[in-house]
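Chain by chain, the residues run as shown.
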Amino acid sequence: MSRWMPLFAVLLCVGGLPTDVHAQQATPPGAPAHEEAKPLDVSARVDPQQVRIGDPFTYHVVITHPKDQRYELAVPKETGDFELLDQTRQRQDGADSATTTFAIRMSAFALGTVKVPSLAFDVATPEGPRAYTLPGREVDVVSTLPEDADGQGADLFDIQPPQEVPIRSWRLLLTVLGVLVAGVLAWMLARWWKNRPKRVVVAPPLPLDVRTRKSLDALKTDDLPARGHVKEHYFRLSEIIRGYLGERYGFEALECTSSELMASLRRLSPPGLPEDKLMRFVSESDMVKYARADASPESCRDALLFGYELVDKTYVPPAPPQAPVNAAASRVQ
């Protein structure tokens, strides 16, 4: 047991030592928060050098510093006899350094040669934040009164009692303007009423068979094959027949290929459809339209007659609407 006593004594001594190393190395009170930055060059000037009291002037500060640093103006809390109006900042980078230019607009409210308050800058560096303080420059502040103010009697006056001040009235001008605007609006309303869109009564569409026959009659009147336009004749005739079939049986016949058209009609199995003649017309029409095949005037006439025949064999007029059954008559029966 006596052999372990020295070791216990050493452990007790070590345990009594302070473990907070940072507490021993704390920053002494009153030390600056950041180190002072050292710019490469600084120039400052006041523009204009002489200014009237209350008038704004510009305090130009040009700082040349390493390229990896950034200078920002810390807005002063206390400016004394000066008022800080606004500030602008511009930076221009060079090969090894950068130039930051500050333009601070201020105004002074004390006469004589006064000194602009010192400006503090926050500096960001790769080593951490730094600070830089620029001593103020002097500016001459003069009065707004001329030099011979006392002799001319141009002195400051005491507070005067209320006086009647004439105010220009715009009532007449506003009245005339209102009348003009009202006249323009009335003219625009009358013009719109005169040119307003008239109500057009749309007549109900003609039945499908009547519209189709009218289209066939118009194609027959144009007599395109006699003028050498056989291809255009088949294009128009094919469009008329496909439009009729699509509206008659309820499918997109105009967008179908020839094989899709025949397949759709075979699925529907419409009664009275001359399928063989339709297939022959579709094949002949495709040859003329797309294969540059020629067609005789007789073939063109037969194809047009087929259009009339197709309408005659497949169109069924819709059933007329049923009249309402008389309830009294039904009760008697």
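Since we're looking at a predicted model, the values are computed, not measured.

Draft legend 1. The arrangement of the overall build of the protein in detail. Of regular secondary structure, the protein possesses 10 helices and 11 strands. Of all 333 residues assigned to the protein, the portion counted as buried reaches 27%. Split by element, the accessible area of the protein, about 24400 Å² in all, is 58% carbon and sulfur.

Draft legend 2. The nonpolar core, seen in detail. Core analysis: the biggest nonpolar cluster contains 32 residues, and L245 and L278 have the highest contact counts within it. If you list the elements that add at least two residues to this core, you get α5 (208-222), α6 (230-249), α7 (258-268), α8 (275-290) and α9 (297-314). The element best represented in this core is α6, accounting for eight residues. Apart from the residues within four sequence positions on either side, L245 is in contact with G250, F251, L261, L265, L273, L278 and L310. If you look at the next biggest cluster of nonpolar residues, it comprises 24 residues, including L73, F102, M106 and V141.

Draft legend 3. Spatial organisation of the sheet that holds strand β8 (residues 112-115). The mixed open sheet is built from three strands, whose spatial order is β3-β11-β8. Sheet topology places β3 (50-52) and β8 at the edges, where each strand pairs with a single neighbour. Within this sheet the neighbouring strands show an average axis-to-axis angle of 40°, counted without direction. Note: β8 against strand β11 (residues 138-142), four bridges, orientation antiparallel. Note that in β11 the partner of T113 across the bridge is D140.

Draft legend 4. Quick look at the packing of aromatic side chains. The final tally for this structure, using the stated rule, is seven aromatic pairs. Geometrically, the ring pair formed by F57 and F82 is edge-to-face, given 6.2 Å between the ring centres and 75° between the ring planes. Note that F57 is positioned in strand β4 (residues 56-66) and F82 in strand β6 (residues 82-93), a separation of 25 residues in sequence. The exposure classification of F57 matches that of F82, with both residues buried. Chaining the aromatic ring pairs together yields one cluster made of Y71, F102, F121 and Y132. Sitting over the ring of W193, R196 keeps its end group 3.9 Å from the ring centre.

Draft legend 5. Local environment of the sheet that holds β6. Pairing is antiparallel in the open sheet, where four strands are placed in the order β2-β4-β7-β6. Of all strands in the sheet, those bounded by a partner on one side alone are β2 (41-47) and β6. Within this sheet the neighbouring strands show an average axis-to-axis angle of 15°, counted without direction. As judged from the seven bridges shared by β2 and β4, these two strands associate in the antiparallel manner. Note on β4: the bridge partner recorded for R45 is H60.

Draft legend 6. Spatial organisation of the side chain of T314. Mapped onto the secondary structure, T314 falls in helix α9. Of the residues examined, T314 reaches a relative accessible area of 1% and is grouped as buried. Engagement of the side chain of T314 in a polar contact is seen with the backbone oxygen of L310, the distance being 2.5 Å. The residues contacting T314, other than those within four sequence positions of it, are Y244, R248, Y249, G272, L273 and P274.

Draft legend 7. Main features of the environment of M279. Within the secondary structure layout, M279 lies in helix α8. When the C-alpha positions of M279 and M262 are compared, they lie 7.4 Å apart, and in sequence the two are 17 residues distant.

Draft legend 8. Representation of the packing of α7 against α8. Between α7 and α8, whose axes approach to 11 Å, the crossing angle comes to 170°. In terms of orientation, α7 lies roughly antiparallel with respect to α8. Residues S258, L261, M262, L265 and R266 of α7 touch α8, and the partners they reach there are E275, L278, M279, V282 and D286. Looking at the contact of α7 with α8, its residues break down into six nonpolar, one polar and three charged.

Draft legend 9. A look at the pattern of salt bridges. This model, assessed by the stated rule, comprises 13 salt bridges. A salt bridge links E35 to R130; the shortest N-O distance between them is 3.6 Å. Taken together, the residues span a long stretch of sequence, with E35 in strand β1 (residues 35-36) and R130 in strand β10 (residues 128-134) at a distance of 95 residues. Given the relative accessible area of 53%, E35 is considered exposed. Its salt-bridge partner being E275, residue R266 comes within 2.8 Å of it at the nearest N-O pair. Given a relative accessible area of 45%, R266 falls into the partly exposed group. Through salt bridges with shared partners, a single ionic network connects R70, E72 and R89.

Draft legend 10. Quick peek at the confidence of the model for the protein. Predicted confidence across the protein gives a mean pLDDT of 82, with 82% of residues reaching 70 or more. When the criterion is pLDDT under 50, residues 1-32 qualifies, and its contacts beyond four places in sequence or with other chains add up to two contacts.

About the criteria used
By convention here, each chain's residues receive numbers from 1 onward along its written sequence. Local features are withheld for residues below a pLDDT of 70 in this predicted model, meaning they are given only at 70 or higher, and side-chain atom pairs are given and counted only at 80 or more; totals for whole chains, interfaces and linings count all residues. The side-chain quantities take in all heavy atoms of the structure and omit both hydrogens and water. The helix count covers DSSP runs of H or I at least four residues long, the strand count covers runs of E at least two residues long, and both are numbered beginning at the N terminus. Partly exposed describes any residue whose relative accessible area lies between the buried limit of under 20% and the exposed limit of over 50%, with all areas from a 1.4 Å probe on protein chains only and scaled to the type maximum. Every accessible area reported is derived by Shrake-Rupley at a probe size of 1.4 Å, with residue values counting cover from the shown protein chains alone. Nonpolar core, defined: a set of buried Ala, Val, Leu, Ile, Met, Phe, Trp, Tyr and Cys residues in which side-chain atoms within 4.5 Å join the residues together. Only heavy atoms matter for contacts: two residues are in contact if any of them lie within 4.5 Å across the pair. By this definition, two strands are paired if DSSP reports at least two bridges between them. Lines fitted to C-alpha atoms define the axes here, with helix axes fitted over just the stretch in contact, and angles between the N-to-C directions of these axes take values from 0 to 180 degrees. Two rings from Phe, Tyr or Trp (for Trp, the six-membered ring) form a pair when their centres sit within 6.5 Å of each other. Planes less than 30 degrees apart are called stacked, planes more than 60 degrees apart edge-to-face, and all others tilted. In our convention, an over-ring charge means Lys NZ or Arg CZ found within 6 Å of a ring centre and within 35 degrees of that ring's normal. N or O atoms within 3.5 Å of each other form a polar contact, as long as, within protein, one can give a hydrogen and the other can take it, and as long as residues adjacent in sequence are counted only when both atoms are side-chain atoms. Here roughly perpendicular refers to angles of 65 to 115 degrees, roughly parallel to angles under 35, roughly antiparallel to angles over 145, and oblique to all remaining angles. The nonpolar class holds Ala, Val, Leu, Ile, Met, Phe, Trp, Tyr, Cys and Pro. Asp, Glu, Lys and Arg form the charged class, and all remaining residues, Gly among them, are polar. In what follows, salt bridge is the name for a side-chain nitrogen of Lys or Arg lying within 4 Å of a carboxyl oxygen of Asp or Glu. Predictor confidence is given residue by residue as pLDDT, running from a minimum of 0 to a maximum of 100.

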